[in-house]
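What follows is each chain in one-letter form.
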Amino acid sequence: MSTYRLKSLLAPRSVALVGASPRPGSVGRPILGNIRKAKFKGEFGLVNTHYAEIDGVATVGSLSRLPFVPELIVITAPTAAVAGLIDEAGSLGTAGALIVSAGLGHGAGSLAEAAERAAHQYGMRLIGPNCLGIMMPGAALNASFAAHMPSAGNLALISQSGAIAAGMVDWAAQREVGFSGIVSIGDQLDVDIADLLDYFALDGGTRAILLYVEAIKDARKFMSAARAAARVKPVVVVKSGRMAQGAKAAATHTGALAGSDAVYDAAFRRAGILRVSDLRELFDCAETLGRVESPPGKRLAILTNGGGIGVLAIDRLVELDGIPAAIEPATRKKLDAVLPNTWSGSNPLDIVADADAARYAAALEVLLADAGNDAILVMNVQTAIAPADEIAATVTDIVCKYRQQHLGRLKPVLAVWVGADPKIIDLLSGARIPNYPTEDDAVRGFMHLVGHREVTATLARVPPALPSESAPDSDAARQIVTAALSEGRQWLDPVEIARLFDAYQIPMVPTFAAADAEQAVAHASALFAQGATVVLKIMSRDIVHKSDIGGVVLNLTSVDAVRGATAGILARAKALRPEARIAGVVVQAMVVRPKARELILGLADDPTFGTVVVFGHGGTAVEIINDKALALPPLDLQLARDLVERTRVSRLLRAYRDVPAVKPDSVEMVLVKLAQMAADIPEIRELDINPLLADQTGVLAVDARVAVGQTKRKFAGSGPANFAVRPYPSQWQRHIEVKDGWRVFARPIRPEDEPQIHEFLRHVSSQDLRLRFFAPMKEFSHEFIARLTQLDYARAMAFVAFDEATNELVGVVRIHSDSIYENGEYAILLRSDLKGRGLGWALMQLIVEYATSEGLKRISGQVLQENSVMLNMCRDLGFAVKSDAADQALCDVTLELKNT
């Protein structure tokens with residue numbers, strides 16, 4: 001797993017600092033000071049070859065001279081010594097190293113490569129190099145050169161910037177926000193963002209995870225880890241480089257729209273991560289998510305003693321797509337009974353400037369009991385009439401009592417005390433009430449909660465690569481692309497595009513290629529005979545935007561007009577683009593759909609995240625309008641609907657005035673088919689349909705471009721090599737017959753299997769649960785089962801087996817690969833009353849087959865010594881079995897896969 005040995009780095013029992021120096025300005029000296037100030041409780045040693053002691057701490061000349069073997073070494077030594085230190089530590093049994101030193105270089109022959117090679121030899125994990133360090137308050141470990149140690153709390157921060165990490169510590173100190181851990185990852189030689197997401201997702205002391213990202217190295221690994229983490233707790237990201245112009249040289253409209261940052265935005269959305277724009281928003285998210293849970297909706301009730309600030313809050317709420325909670329008659333009646341008749345009577349609830357603590361209390365209690373709102377924002381503008389601190393104390397008491405009296409999901413309460421005394425802020429923060437300096441900040445905080453709920457709502461969706469709604473002729477389509485590549489071409493010609501679209505049942509206007517005027521006339525005559533009007537377009541691989549050189553002529557109604565237009569198009573093209581290769585003209589029937597909307601749909605190839613699906617407002621001004629949304633494939637209809645709804649043009653797809661609505665799901669189905677096409681034919685590098693006409697009768701592609709090229713595998717494992725998110729692996733469904741003719745159906749697990757998993761566990765004995773989990777298991781929470789059922793099939797796979805006669809779940813087997821995709825750790829569990837019938841053997845064979853197809857080198861696991869049945873089956877399957885060196889109660893089992 002990617003969390004392999006991370007606990008030894010982030011919660012070590014012993015630490016050695018190598019390279020500390022008494023020299024002022026050195027990196028090692030403040031790290032030594034921070035480790036001592038944090039009062040690390042484990043064994044600690046100092047290694048330095050030049051000094052006998054540093055700041056009163058005795059040193060030794062090498063790691064081997066320490067009286068203990070450190071779990072973690074912290075390296076601040078010169079770069080040339082790093083690889084040797086790691087080799088020495090690994091030979092002693094050290095689990096990992098934190099490399100603070102910078103300047104190890106990159107790539108083949110670098111000092112970084114030597115360090116990585118030395119670590120890999122011993123299975124050591126590395127954080128860094130070139131990083132601030134780590135701060136783990138729960139472990140009393142501050143192995144960093146930050147100015148302060150954060151207090152203990154429930155937020156984790158993973159940062160690619162040391163300065164950002166240090167800044168978060170200073171901010172947290174002012175706001176009484178604590179951290180479960182802060183890790184500056186530096187150059188990510190080994191441990192990366194995905195590994196740490198896995199670690200903190202499983203950490204019971206972490207409520208939310210904050211990320212500062214500059215670039216992602218392994219997109220599929222990141223997406224897998226992020227999706228897994230976001231299913232169980234909020235993950236918030238701020239990414240730098242939002243204004244980078246990554247699409248300047250794009251060859252298609254789609255490529256131009258799919259800029260680098262827009263793709264990151266789509267990836268974060270698909271991963272269930274809440275993205276914020278800057279550090280202030282990240283801090284606000286930390287303030288909110290670290291204290292309260294996301295509400296089920298976005299209806300906000302605002303309680304205030306100042307009408308003006310309340311109206312400002314409502315304005316901001318509506319701007320951010322929130323909903324002012326309605327005050328229903330029954331609730332208004334209750335409020336009338338406890339408030340003066342001068343209160344506003346609506347939301348915002350202005351309870352008048354002379355409101356005292358008792359009036360706030362009465363109104364707040366009514367709102368907390370009201371099902372018509374999802375959250376409450378309490379605001380106070382200080383007056384000389386009622387002490388603001390008394391009001392804050394009363395509000396705090398009521399919120400605390402409400403939390404004690406209510407189980408399950410609690411209604412969030414947020415606060416703004418304008419110009420508040422620090423003591424009031426401390427009071428609110430101490431009661432875990434998110435509080436903000438302004439109404440704008442507070443409303444943003446509420447919408448962060450809403451945003452988190454919305455982005456995680458799609459995580460349970462696992463679209464198939466081949467949706468049942470479509471049955472394309474993928475073989476015919478692949479032959480078209482293969483033929484073009486064999487001829488050394490980068491672009492499909494218009495006729496090939498029409499055939500490609502026909503294979504995927506994407507409607508397109510009849511399209512013909514003509515090398516000269518006479519061929520154009522012949523094709524046009526056939527269209528005239530059908531009563532059609534004709535349009536001509538230049539046909540050239542080198543002319544991307546035809547209209548720019550006068551390469552499109554519309555509304556041709558006669559043979560002479562076609563002949564003259566062909567000559568004119570070819571002449572203009574040769575004059576304006578003499579270097580272009582011109583193959584002739586395209587002849588199409590002129591489409592007249594006066595109430596159709598012009599859309600753009602397409603595929604783009606991102607260097608980090610692979611294939612991206614693009615949708616937006618089409619036409620010749622597509623880049624200027626810049627109304628687009630992106631999504632990572634695979635897609636199903638619901639994900640396609642979500643993609644469309646994120647654009648302004650989506651409003652035009654609905655009916656308005658005398659314009660009928662676009663045929664339901666006709667546009668979305670084309671998006672699903674394009675995503676499927678990308679899965680089937682990864683050689684399609686870019687594609688755009690512009691325009692796609694959409695009206696009440698359906699859709700019709702008028703013009704399209706398709707760029708093709710040989711693919712290099714972007715992502716490890718099976719499945720589409722160009723997809724950062726793997727589709728549901730329906731090809732792994734199996735009907736299996738075991739002993740006595742018993743038939744079971746095995747398939748990859750799905751999120752909706754959770755209720756059946758709970759029922760299945762009721763039929764597993766406590767002894768079998770202990771053998772599986774190595775500890776007594778009395779109950780299984782939703783969060784625990786969600787981690788088992790909600791996979792994205794990139795690094796983890798689980799198969800569930802159902803009795804074909806009863807459809808009851810009877811067994812589960814799973815495997816999780818390590819961070820370098822070499823080893824997979826397996827686990828298996830069967831219904832206790834159905835053991836001994838051959839199901840375990842069949843499921844183990846299935847997981848071996850799967851791991852082999854994924855290219856894993858080995859399968860491993862740990863089995864209790866007393867679990868003789870499992871150990872015997874492992875031996876029969878060819879696993880090597882040996883006692884675990886660290887725990888004699890366990891056996892390590894390993895199967896080397898033969899075809900790797």
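As the structure is a computational prediction, the values presented were derived from the model and not from experiment.

Draft legend 1. A look at the sheet that holds strand S21 (residues 511-514). What the 4 strands build is an open sheet, ordered S21-S24-S22-S23; its pairing is antiparallel. Looking at which strands have only one partner, the edges of the open sheet turn out to be S21 and strand S23 (552-556). Mean inter-strand twist for the sheet, computed between neighbouring axes without regard to direction, equals 25°. In this sheet, S23 lies alongside strand S22 (residues 534-540) in antiparallel orientation, the contact comprising 3 bridges. Each bridged residue has a counterpart across the sheet, and for Val534 the counterpart in S23 is Leu556. Those strands touched by helix H20 (residues 559-576) are S22, S23 and strand S24 (582-589), and its axis lies near 30° from that of S22.

Draft legend 2. A look at helix H11 (residues 307-319). Counted at 1.5 Å a residue, the expected span for H11 with its 13 residues is 18 Å, and the 18 Å between its end C-alpha atoms agrees. Of the residues making up H11, those classed as buried are Ile309, Gly310, Ala313, Ile314, Arg316 and Leu317. All buried residues of H11 project into a common sector of 165° when viewed along the axis, lining one side. Among the structural elements, strand S15 (299-304), strand S16 (323-324), strand S18 (375-381), strand S19 (413-418) and helix H16 (439-457) are those in contact with the buried residues of H11. A positive phi of about 75° marks Asp321, the residue just after H11.

Draft legend 3. Examining the pairing of S24 more closely. Most of S24 is tucked away, with 6 of its 8 residues classed as buried. Bridge count between S21 and S24: 4 bridges; the pairing is antiparallel. From the neighbouring strand, Phe512 faces S24, where its bridge partner is Val587. One ladder, built from 7 bridges, connects S22 with S24; its direction is antiparallel. Opposite Ile538, over in S24, you have Val585 as the bridge partner.

Draft legend 4. View of the nonpolar core. Counting residues in hydrophobic clusters, the biggest one holds 65 residues, and the most contacted among them are Ile134, Leu197, Leu211, Phe222 and Phe609. If sequence neighbours within four positions are ignored, Leu197 has contacts with Ile158, Ile209, Leu211, Phe222, Ala225, Ala226, Ala229 and Val235. Val738, Trp742, Tyr826 and Leu897 belong to the second largest nonpolar core, which has 58 residues in total.

Draft legend 5. Quick peek at the pattern of salt bridges. Summed over the entire model, instances satisfying the criterion amount to 44 salt bridges. Asp195 is paired through a salt bridge with Arg125; the nearest N and O atoms lie 3.1 Å apart. Of this pair, Asp195 sits in helix H6 (residues 193-201) while Arg125 sits in strand S7 (residues 125-127), and the two are 70 residues apart along the sequence. A relative accessible area of 4% places Arg125 in the buried class. Note that Asp703 is salt-bridged to Lys537, the shortest N-O span being 3.9 Å. With Asp703 in the loop between strand S29 (698-701) and strand S30 (704-708) and Lys537 in strand S22, this residue pair connects regions lying 166 residues apart in the sequence.

Draft legend 6. Summary view of the packing of aromatic side chains. Enumeration according to the criterion identifies 10 aromatic pairs in this entry. An angle of 90° between the planes, with centres 5.0 Å apart, marks the rings of Tyr264 and Phe609 as edge-to-face. Of this pair, Tyr264 sits in helix H9 (residues 260-271) while Phe609 sits in the loop between strand S25 (597-606) and strand S26 (610-617), and the two are 345 residues apart along the sequence. Among the aromatic residues, those joined into a cluster by ring pairs are Phe222, Tyr264, Phe268 and Phe609. Of note, Lys239 hangs over the ring of Tyr264, and the distance from its end group to the ring centre comes to 4.4 Å.

Draft legend 7. Highlighting H6. Most of H6 sits inside the fold, with 9 of its 9 residues counted as buried. Within the span of H6, buried status applies to Ile193, Ala194, Asp195, Leu196, Leu197, Asp198, Tyr199, Phe200 and Ala201. One side-chain oxygen at the N-terminal end of H6 lies 3.2 Å from the backbone nitrogen of Ala194; it belongs to Asp192.

What counts as what
Here the residue index of a chain counts from 1 through its sequence in written order. A pLDDT threshold of at least 70 governs which residues receive local features in this predicted model, and a stricter bar of 80 or more applies before side-chain atom pairs are shown or counted, although totals over entire chains, interfaces and linings include all residues. With hydrogens and water set aside, each side-chain value is computed from the structure's full complement of heavy atoms. The criterion for strand pairing is that DSSP finds at least two bridges linking the strands in question. Each helix is a run of H or I in the DSSP string that is no shorter than four residues. Each strand is a run of E no shorter than two, and both are numbered from the N terminus. Interaxial angles span 0 to 180 degrees and are taken between N-to-C directions of axes, which are lines fitted to C-alpha atoms, for helices over the stretch in contact. Residues are treated as being in contact if the distance between any of their heavy atoms lies within 4.5 Å. Any helix carries an expected span of 1.5 Å times its number of residues minus one. Relative accessibility decides the category of a residue: with a 1.4 Å probe and only protein chains considered, values under 20% of the type maximum give buried, values over 50% give exposed, and everything between is partly exposed. Directions from the helix axis toward the C-beta atoms define the arc. The term nonpolar core refers to a set of buried residues drawn from Ala, Val, Leu, Ile, Met, Phe, Trp, Tyr and Cys, joined through side-chain atoms within 4.5 Å. The term salt bridge refers to a pairing of a side-chain nitrogen on Lys or Arg with a carboxyl oxygen on Asp or Glu at a separation within 4 Å. Between rings of Phe, Tyr and Trp, where Trp is taken as its six-membered ring, a pair exists when centres lie within 6.5 Å; planes separated by under 30 degrees are stacked, by over 60 edge-to-face, and by other angles tilted. Only Lys NZ and Arg CZ are tested; either one counts as a charge over a ring when it is within 6 Å of the ring centre and within 35 degrees of the ring normal. The term polar contact refers here to a pair of N or O atoms within 3.5 Å; inside protein, the definition further demands a hydrogen-donor-capable atom paired with an acceptor-capable atom, and it admits residues adjacent in sequence only when both atoms are side-chain atoms.

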